Amino acid sequence: ERASQITFHHRVLLLLYLHLPRPRKGPTTTSKRAARGVLPPRTMFGFLRRNSNSSNMDGGGEAPRPLQLLAIAADKDAADWASLMEEVSLEDGRAIQVTQCAWDDIMVSAEPKSSVPIVVHLRKSKAHPKRPTTIKPDFCLVRNEVSVPGKDFRNQMFGLMFAGVESVNSFSSIYSFCEKAVIQAELFKIARKCGLDEKGDEVFPMMDQQYFASYAEMMYSQSFPAVVKIGSAHAGYGKMRITDHHQMEDFRTCLAMTKGSGDSSSAYCCAEPFIEGDYDLRIQKIGSHYRVFKRTSVSGAWKTNTGSAHLEHLELTPKYKRWADEAAEMFGGLDILTVDAIHESSTGREYILEVNGTSSGLAPDVAAEDNLHIRDLVVEKMNAHFCHGPGAAVPQVLVEGEGQAAEEQVSGPAPGAAEEGAMPAASAPPPATVSSAESF
């Protein structure tokens with residue numbers, strides 16, 4: 001009866017205590033190593049410890065510890081990253097163990113100077129949809145937005161950053177991409193740097209745009225019809241087409257009812273002239289691999305990047321490659337990105353609308369191949385960090401017989417069938433026409 005009254009936190013502490021190693025009679029291999037100072041002091045999270053002094057370990061029973069890859073990818077069309085990484089290993093022979101989940105499935109605590117700098121508790125994962133697990137991620141692949149209307153998981157990301165966990169794309173760039181105004185500011189900076197070409201046209205052509213910190217500052221001075229965009233909404237949300245100044249005033253009163261950050265009286269807003277476009281362009285860059293798509297809306301909506309669309313592959317031109325390369329320098333570097341542009345029907349000119357980062361959608365007909373490009377990009381980054389960079393300074397090993405109960409919790413999902421085949425060099429794909437998904 002008393003046990004049933006123990007609080008949840010007491011149960012957690014009891015569970016952690018039960019995982020601590022018990023003293024044994026007589027000398028053991030573990031106690032001898034501890035006496036030599038090889039093992040770190042025992043802590044509450046000692047059962048998650050990875051020994052980092054492989055040069056001092058006795059021979060026999062040693063195996064390179066698999067690196068834990070945390071894949072934040074939970075869309076309905078998300079790839080199975082455990083299967084993609086099944087037969088992949090780093091240059092030093094270490095395997096990659098994948099745990100795939102969503103942002104709202106994880107709880108993070110970090111202590112950078114301890115032997116366990118990061119602990120991630122998962123409510124559920126792709127491998128264990130009904131059983132909580134605990135892992136210590138070494139690297140992250142992020143394919144979902146960390147902040148969307150109604151949900152904000154930046155605190156979880158801050159914990160991973162606090163512990164120094166590396167990721168694709170970088171966490172610092174993902175943080176910057178949480179605010180559309182910050183993204184647009186960086187794009188205008190690129191446009192000023194690139195300047196004009198020999199014909200007097202912008203090398204990095206941006207739309208004319210105005211920014212208003214709140215409804216109180218809103219005084220639109222561009223042409224009508226116009227498009228207004230509230231805050232940092234994604235995928236067509238928070239956008240309206242305004243035909244004249246009367247509608248703009250109505251919109252301004254609605255903007256006043258939104259909630260701004262800090263002491264702002266409302267959310268911020270961007271406004272720009274509406275461009276009647278024949279089609280959209282999307283330039284995709286994954287590592288050193290490029291693709292160009294032409295999207296023609298078939299739904300009739302003025303938001304041409306949403307709804308059903310006719311998708312066609314185009315050749316990569318020097319102009320489009322320049323756009324992607326310039327955008328890839330944003331916020332310290334983007335490994336995965338897409339540049340969205342529009343082709344104006346009346347003038348034939350092209351304007352860059354926005355840049356998407358780590359959560360960029362993939363074209364359905366080439367998604368499987370592009371996921372392999374992302375896989376190779378992640379392995380390349382992990383090799384650079386763990387085999388040639390800061391993570392290579394002290395190889396980590398797992399001693400047979402130690403922490404077996406913890407390894408049952410820390411182990412990633414059972415891998416499925418691997419997709420094999422060498423990656424082709426970055427080149428323009430053969431022309432094709434498909435029907436694109438709404439998420440692309």
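Residues numbered from 1 in each chain as written. Predicted model: local features only at pLDDT ≥ 70, side-chain atom pairs only at ≥ 80, totals over all residues. Heavy atoms only, no water.

**Q** Got a minute to help me understand empty space enclosed by the protein in this structure?
**A** Which parts of space are left empty comes out when a probe the size of a water molecule is rolled across the atoms. Scanning the model with the defined rule gives 4 cavities of 30 Å³ or more in all. Each pocket or cavity is described by its volume, and for the largest cavity that value is around 130 Å³. Around the largest cavity sit Lys180, Ala181, Gln184, Gln209, Lys229, Ile230, Gly231, Ala233, Lys239, Cys270, Leu353 and Glu354, which together line it. Mapped onto the lining of the largest cavity, the elements with two or more residues apiece are helix H6 (180-194), strand E12 (226-230) and strand E19 (350-356). Broken down by element, the residue count for the lining of the largest cavity peaks at 3 residues, all from H6. Each residue belonging to the lining of the largest cavity can be placed in one class, and the counts come to 5 nonpolar, 3 polar and 4 charged. Residue classes in the lining of the second largest cavity are distributed as 3 nonpolar, 6 polar and 1 charged. (1 Å grid on protein atoms, 1.4 Å probe; cavity = no way out; pocket = protein on both sides within 12 Å on 5 of 7 lines; lining within 4 Å. Points joined across faces, edges and corners; volume = space filled by probe spheres on them. Helix = DSSP H or I, 4+ residues; strand = E, 2+ residues; numbered from the N terminus. Nonpolar A, V, L, I, M, F, W, Y, C, P; charged D, E, K, R; others polar.)

**Q** Help me understand the pairing of strand E16 (residues 289-297), please; the structure alone is not making it clear to me.
**A** Each regular strand displays side chains that alternate between the two surfaces of the sheet. Pairing of strand E15 (residues 277-286) with E16, which is carried by 7 bridges, proceeds in the antiparallel orientation. Residue pairing across strands places Asp280 opposite Arg295, the latter belonging to E16. The turn linking E15 back onto E16 is made up of 2 residues, and Gly287 within it adopts a positive phi angle of 65°. As paired elements, E16 and strand E17 (residues 309-314) share 6 bridges and run antiparallel to each other. Note that in E17 the partner of Ser297 across the bridge is Ala309. (Pairing = 2+ DSSP bridges.)

**Q** Where do I start with the environment of Leu353 in this structure?
**A** Residue placement: Leu353 occurs in strand E19. Not counting residues within four places of it along the chain, the set of residues in contact with Leu353 comprises Gln184, Met207, Glu272, Asp340, Ala341 and Ile342. (Contact = heavy atoms within 4.5 Å.)

**Q** Mind showing me how you'd approach the sheet that holds E12 here?
**A** By definition, the strands of a sheet pair up through backbone hydrogen bonds, in either a parallel or an antiparallel sense. With antiparallel pairing, 4 strands are arranged side by side in an open sheet as E11-E14-E12-E13. Two strands lie at the open edges of the sheet, namely strand E11 (210-212) and strand E13 (239-242), each paired on one side alone. Across the sheet, the mean angle from the axis of one strand to that of its neighbour is 20°, orientation sign disregarded. Sheet analysis places E12 next to strand E14 (residues 269-273), joined by 5 bridges and oriented antiparallel. Note that in E14 the partner of Ile230 across the bridge is Cys269. (Axes fitted to C-alpha atoms, helices over the stretch in contact; angles between N-to-C directions.)

**Q** Any chance you could explain H6 here in plain terms?
**A** An α-helical turn contains 3.6 residues, so a residue and the one three or four places further along point in the same direction. With 15 residues, H6 should cover 21 Å at 1.5 Å per step; its first-to-last C-alpha distance of 21 Å lies within 8% of that length. Lys180, Ile183, Gln184, Glu186, Leu187, Ile190, Ala191 and Cys194 are the residues of H6 that are buried. Buried residues of H6 fall within an arc of 160° about the axis and therefore sit on the same side. Of the exposed residues in H6, those oriented more than 90 degrees away from the buried face are Arg192 and Lys193. (Expected span 1.5 Å × (residues − 1). Buried < 20%, exposed > 50% of the residue type's maximum accessible area, 1.4 Å probe, protein only. Arc of directions from axis to C-beta.)

**Q** Which parts of the structure should I look at to understand the pairing of E12?
**A** Counting buried positions along E12 yields 4 of 5 residues, so the element is predominantly enclosed. Relative to E13, E12 runs antiparallel, the two being bridged by 4 bridges. Paired with Ala226 across the strands is Ile242, a residue of E13.

**Q** Can you walk me through the pattern of salt bridges in this structure?
**A** Close approach of charged atoms allows side chains of opposite charge to pair. A full pass over the atoms with the stated rule returns 18 salt bridges. Notably, a salt bridge pairs Glu249 with Arg252, separated by 3.5 Å at the nearest N-O pair. A residue pair is termed a helical-turn pair when its members lie 3 or 4 positions apart in one helix, as Glu249 and Arg252 do in helix H7 (residues 245-255) at 3 residues. Across the pair Arg375 and Asp376 runs a salt bridge whose closest N-O atoms are separated by 3.2 Å. In the salt-bridge network here, residues are joined through shared partners; they are Asp280, Arg282, Arg295 and Asp340. (Salt bridge = Lys/Arg side-chain N within 4 Å of Asp/Glu carboxyl O.)

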